[in-house]
Amino acid sequence: PFTVVMADQVKYVLDESEMPKAWYNIQADLPKPLPAVLHPGTHKPVGPEDLAPLFPPDLIAQEVSQERYIEIPPEVQQVYKIWRPSPLYRARALEKALGTPAKIYYKYEGVSPTGSHKPNTAVPQAFYNKKAGTKKLSTETGAGQWGSSLAFAGSCFGLEVEVFQVKVSYETKPYRSIFMKTFGAQCYPSPSERTEVGRKILENDPKCTGSLGIAISEAVESCVKSDVPTKYALGSVLNHVLMHQTIIGQEAITQLEKAGDYPDVLVGCTGGGSNFAGMCFPFIGQKFRGEAKKSFRVVAVEPAACPSLTRGKYAYDFGDTGHMTPLIKCHTLGHLFIPPPDHAGGLRYHAMAPLISHLKELGELEAVAYGQTECFEAGILFAKHEGILPAPEANHAVKGAIEEALRCKREGKSEVILFNLCGHGNFDMAAYDKFNQGAMKDSDFNEQDMALALAAIPKVAD
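Residues numbered from 1 in each chain as written. Predicted model: local features only at pLDDT ≥ 70, side-chain atom pairs only at ≥ 80, totals over all residues. Heavy atoms only, no water.

Participant: What is the right way to read the packing of helix α2 (residues 57-64) against helix α5 (residues 119-131) from this model?
Facilitator: For any two helices packed against each other, the geometry comes down to the angle between their axes and how far apart the axes lie. As a packed pair, α2 and α5 sit with axes 8 Å apart at the nearest point and diverge in direction by 130°. In terms of axis orientation, α2 runs oblique to α5. Taken together, the residues of α5 that come into contact with α2 (itself represented by D58, L59 and Q62) are Q125, Y128, N129 and K131. (Axes fitted to C-alpha atoms, helices over the stretch in contact; angles between N-to-C directions. Helix = DSSP H or I, 4+ residues; strand = E, 2+ residues; numbered from the N terminus. Parallel < 35°, antiparallel > 145°, perpendicular 65-115°, else oblique. Contact = heavy atoms within 4.5 Å.)

Participant: So what exactly am I meant to see when it comes to the sheet that holds strand β9 (residues 230-232) here?
Facilitator: Two pairing modes exist for strands in a sheet, parallel and antiparallel, and in both the strands are linked by backbone hydrogen bonds. Spatially, the 4 strands line up as an open sheet ordered β8-β7-β6-β9, and their pairing is parallel. Both outer strands of the open sheet, β8 (186-190) and β9, are each paired with one neighbouring strand and no more. Neighbour to neighbour, the strand axes of the sheet diverge by 20° on average, direction disregarded. Pairing of strand β6 (residues 136-141) with strand β7 (residues 160-166), which is carried by 6 bridges, proceeds in the parallel orientation. Its bridge partner being in β7, L137 is matched across the sheet by V161. Its contacts with the sheet put helix α8 (residues 174-182) on β6, β7 and β8, and the angle it makes with β7 is roughly 170°. (Pairing = 2+ DSSP bridges.)

Participant: How should the packing of α5 against helix α6 (residues 145-157) be read in this particular structure?
Facilitator: For the pair α5 and α6, the least separation of the axes is 8 Å and the interaxial angle reads 40°. Classified by the interaxial angle, the pair formed by α5 and α6 is oblique. When the axes of α5 and α6 are compared, the crossing they make is right-handed. Between α5, through P119, T121, A122, V123, Q125, A126, F127 and K130, and α6, the contact on the second element is made entirely by W146, S149, L150, F152, A153, G154 and F157. Residue composition of the contact of α5 with α6, by class: 10 nonpolar, 4 polar and 1 charged. (Left-handed = near helix turned anticlockwise from the far one by under 90°. Nonpolar A, V, L, I, M, F, W, Y, C, P; charged D, E, K, R; others polar.)

Participant: Would you mind showing me how to read the nonpolar core here?
Facilitator: Nonpolar side chains in soluble globular proteins tend to end up buried together. In terms of nonpolar packing, the biggest core is built from 65 residues, with Y80, V123, F281, F283, I356 and L418 touching the most fellow members. Looking at this core, the element that brings in the most residues is helix α13 (residues 274-288), giving 7 residues. Setting aside its immediate chain neighbours within four residues, F281 contacts Y24, I26, L242, T246, F276, L355, I356 and L359. Of all hydrophobic cores here, the second largest spans 32 residues; its members include A102, Y106, C408 and F419. (Core = buried A, V, L, I, M, F, W, Y, C linked by side-chain atoms within 4.5 Å. Buried < 20%, exposed > 50% of the residue type's maximum accessible area, 1.4 Å probe, protein only.)

Participant: Would you mind showing me how to read the pattern of salt bridges here?
Facilitator: Opposite charge on two side chains allows them to pair when their charged atoms are near. By the definition in use, this model includes 26 salt bridges. The partner of E291 in a salt bridge is R289, with the nearest N and O atoms 3.1 Å apart. Residue classification places R289 among the partly exposed residues on the basis of a relative accessible area of 23%. Two residues, K399 and E374, come together in a salt bridge whose shortest N-O distance is 3.6 Å. A residue pair is termed long-range when its members are at least 10 positions apart, and K399 in helix α17 (residues 392-411) and E374 in helix α16 (residues 372-386) qualify at 25 residues. According to the relative accessible area criterion, K399 is buried, its value standing at 11%. Judged by relative accessible area, E374 falls into the partly exposed class, the value being 29%. One connected set of salt bridges, linked through shared partners, spans R297, E366, E404, R407, E411, K413 and E415. (Salt bridge = Lys/Arg side-chain N within 4 Å of Asp/Glu carboxyl O.)

Participant: Please clarify how the environment of A97 should be interpreted in this entry.
Facilitator: Note that A97 resides in helix α4 (residues 92-98). Separated by 288 residues in the primary sequence, A97 and H385 place their C-alpha atoms 7.6 Å from one another.

Participant: Explanation requested: α2 in the structure shown.
Facilitator: Note on helix geometry: an α-helix contains 3.6 residues per turn, so any two residues three or four positions apart are oriented the same way. The set of residues buried in α2 consists of L59, I60, Q62 and E63. The buried side chains of α2 occupy one side of the element, clustering within an arc of 160° when seen end-on. Along α2, exposed side chains directed more than 90 degrees from the buried face belong to P57 and V64. Buried residues in α2 make contact with β2 (22-24), α1 (48-51), β3 (69-71), α5 and α11 (239-244). (Arc of directions from axis to C-beta.)

Participant: So what exactly am I meant to see when it comes to the side chain of Q145 here?
Facilitator: Position of Q145 among the secondary structure elements: in helix α6. When sequence neighbours within four positions are dropped, the list of residues in contact with Q145 reads T114, G115, S116, K118, R176, A391 and H424.

Participant: Help me out: how do you make sense of the environment of Q9 in this one?
Facilitator: Residue placement: Q9 occurs in the segment before β1 (11-12). Spatially, the C-alpha atoms of Q9 and A91 are 10.0 Å apart, while their sequence positions differ by 82 residues. The residues touching Q9, leaving out its near neighbours within four places in the chain, are R90 and R92. Of the polar contacts made by the side chain of Q9, one reaches the backbone oxygen of K11; its length is 2.8 Å. (Polar contact = N/O pair within 3.5 Å; in protein donor to acceptor, adjacent residues only side chain to side chain.)

Participant: Whenever I open this one, the environment of G312 confuses me. Can you help?
Facilitator: Structurally, G312 can be placed in the loop between α14 (308-311) and β12 (313-318). As for G312 and A97, which are separated by 215 residues in sequence, their C-alpha atoms are 36 Å apart. If sequence neighbours within four positions are ignored, G312 has contacts with P307, H331, T332 and L333.

Take a look at the structure:
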C-alpha cells in the first residue's frame, strides 16, 4: 500500500506567467565557435542569400545569431499557452521500483497538442513564414511527430503543409498520417514518385523503406520547384530549431528550483538532437557562464542501429541523401546510410545536429547507444510505475535514466537525474504489440553500409 506523505510532491507546475519570454541561444556562450556551414559547390561558408530559397529572413537571422536570448513573439507565446509550461515530474514510483537512492525527475513534453516536443519549433516556424508571406510549407517526418506538429502549426497560421514521411513509418504508424491530414496537411510516403530524387531512388530500389535523409531531399526539391510561395521547415538539426526547444530546459531550471534540486546527470535521447538540446543547452549555458549550482554530466542516448554520436565520423557532410542541402560539420554515418527500419523512427537520421556534435568534440557530453528491445523494456517498466507509455524515441532516454539510477544504487550515491520524456507512445501500439508478442528484434548495425556511406562524404579541406 502507498504511504502518502504531504511532502511527497510529484508534479512541479509553473503558472503561464512564469513561461520563458525568450529562447536561449547557446552560440553566445560557446568557448569555441561552431564551424561554418559550407556551400556544397564552393566549400565556402554559406550566406543568407544561399538559405533564402528555403527559409524566411527571421529564421535565417536566428540560425546565425550570436545573441544570448531571442524574444519569443507574443503570437507564438499565445499558442504555446495551450500546453506550456509543461510539467516536471519526480518519478517517485520508479525510484521505489528500482530501489535507487537517486532522485529521478522528468520533463514531460507529451502534453502538447500533438503529443511531443515538436510544436515548440513548429509554431514559431509557421509564424515567421506567415509573417514573410509564405503560403505553403514543405517538410519531412520520420515517426510522424514532426509532421503532425507542423500540420497543427500550419492550421494555427493558415498555411498549407506538405509532408514526406519515411515510408517504413508511414506504413507502420498509419494514425500519424491520418492526424496530419485531419489538420489539413498532405502526407506522402517517401521515397515517392512525386519528386525526381524519389523516382531515382525507387528506380534503383523499388522496395526502399526510406530514411530521413531521403525525405529531406524530397521536401527540399518540392519546396524549390513549387509554383506557390513555399518554404522548407526542418524539425531538428539546425541551430534555430534547437534554440526554439530551449524553452524546455529553461522551464526545468525554474521547476527544479521549486523542488530544491539541481541535476547531477542530464539525460536525453538523440536522433537529430532537438529535444536533447532543448533540455540540456540551458544547463550547459549556465556551466559556460559559471552559473551552474554544481558540476553535472550530460548523457546523449541514441539507437544502436543508427549510432551517429558513438560510431559516426566528425566531418562535413550533406544533411540529406540527394545533395540538396549545404554541408554541415557533424557526427555522421554518411548521407547515403539508410538505417534499419527500427520503431524509433524519429531517431533514424544519419547525422547529428552540428551544435551537439561540436559540444561532443569539446568534451561537454557523453554518448551511449542501446538496442530497441532493451529500450522498450525500460519504457514499459516506466509506464507500469509512472503511468505514461513513452514514445519509442523517448524510451531511449528512459533507458539512459534507469541505467544512471542503477549506477547510483550500486555506488550508494543519491544523485539527481533529470531526463526529457519528449513524447507519449499512444500512436505506437503496433510497436508495443510487437514487443509484447516477443516478435521485436534488435537490428544489426551494418559496418559495411557505414563504411560505404562514409566513403561517399564530400572531401573538404581543413
